[in-house]
Amino acid sequence: QVQLVESGGGLVQPGGSLRLSCAASGRTFSSYAMGWFRRAPGKEREFVAAISVSGGNTYYAPSVKGRFTISRDNAKNTVYLQMNSLKPEDTAVYSCAAGIITGFEMNIINYWGQGTQVTVSS
């Protein structure tokens, strides 16, 4: 069993930065690939980024590539999402997930976090 708790969301101006964290409980954190997803108001949940078990491979949605960076610290059971050059269209509830990467994104989800709100507005 893995429990995931996100933090770091908030209100930021366009062009600003935020770093999200996702702390995992349980000894099996390092057995899972980790990912971030988001759901904007009135839209379907979409994949944002994923990182392999070792951290050696990362994957990004085209809309965030070059602006967002996913990383993980297996010693701290934590995955991060550094978000730079934020845009109003990045506004969403961001959730972390533990699962399996297939192809170039995370398609098999074993555990979800509860989500944290990110609002990009002037």
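To keep things clear, this report deals only with the structure shown in the data block. (Residues numbered from 1 in each chain as written. Predicted model: local features only at pLDDT ≥ 70, side-chain atom pairs only at ≥ 80, totals over all residues. Heavy atoms only, no water.)

### Looking at the sheet that holds strand β1 (residues 3–7)
Right, on to step 1. Spatially, the 4 strands line up as an open sheet ordered β1-β3-β8-β7, and their pairing is antiparallel. What marks the edges here is a single partner per strand, and that holds for β1 and β7 (68–73). Strand-to-strand twist of the sheet, defined as the mean angle between neighbouring strand axes without regard to direction, takes the value 15°.
Right, on to step 2. In this structure, β7 lies alongside strand β8 (residues 78–83), joined through 6 bridges in antiparallel fashion. Residue pairing across strands places Thr69 opposite Gln82, the latter belonging to β8. (Pairing = 2+ DSSP bridges. Helix = DSSP H or I, 4+ residues; strand = E, 2+ residues; numbered from the N terminus. Axes fitted to C-alpha atoms, helices over the stretch in contact; angles between N-to-C directions.)

### Examining the side chain of Thr116
Right, on to step 1. Tracing the sequence through the fold places Thr116 in strand β11 (residues 116–120).
Right, on to step 2. Judged by relative accessible area, which is 11%, Thr116 ranks as buried.
Right, on to step 3. Aside from chain neighbours lying at most four places away, what touches Thr116 is Glu6, Gly9, Leu20, Ala92, Val93 and Tyr94. (Buried < 20%, exposed > 50% of the residue type's maximum accessible area, 1.4 Å probe, protein only. Contact = heavy atoms within 4.5 Å.)

### Section: the state of the cysteines
Right, on to step 1. Throughout the structure, instances matching the rule amount to 1 disulfide.
Right, on to step 2. One disulfide bridge connects Cys22 with Cys96, the sulfur atoms lying 1.9 Å from each other. Where Cys22 bonds to Cys96 through sulfur, the torsion about that S-S bond is close to 40°, and the disulfide is right-handed. With Cys22 in strand β3 (residues 18–25) and Cys96 in strand β9 (residues 92–102), this pair connects stretches of sequence that are 74 residues apart. For the pair Cys22 and Cys96, one class covers both residues: buried. (Disulfide = S-S within 2.5 Å.)

### Observations regarding the environment of Ile101
Right, on to step 1. Inspection of the secondary structure assignment puts Ile101 in strand β9.
Right, on to step 2. Residues Ile101 and Tyr59 lie 42 residues apart in sequence; the distance between their C-alpha atoms is 9.1 Å.
Right, on to step 3. Setting aside residues no more than four positions away along its own chain, Ile101 makes contact with Ala33, Ala50, Ile51, Ser52, Tyr59 and Met106.

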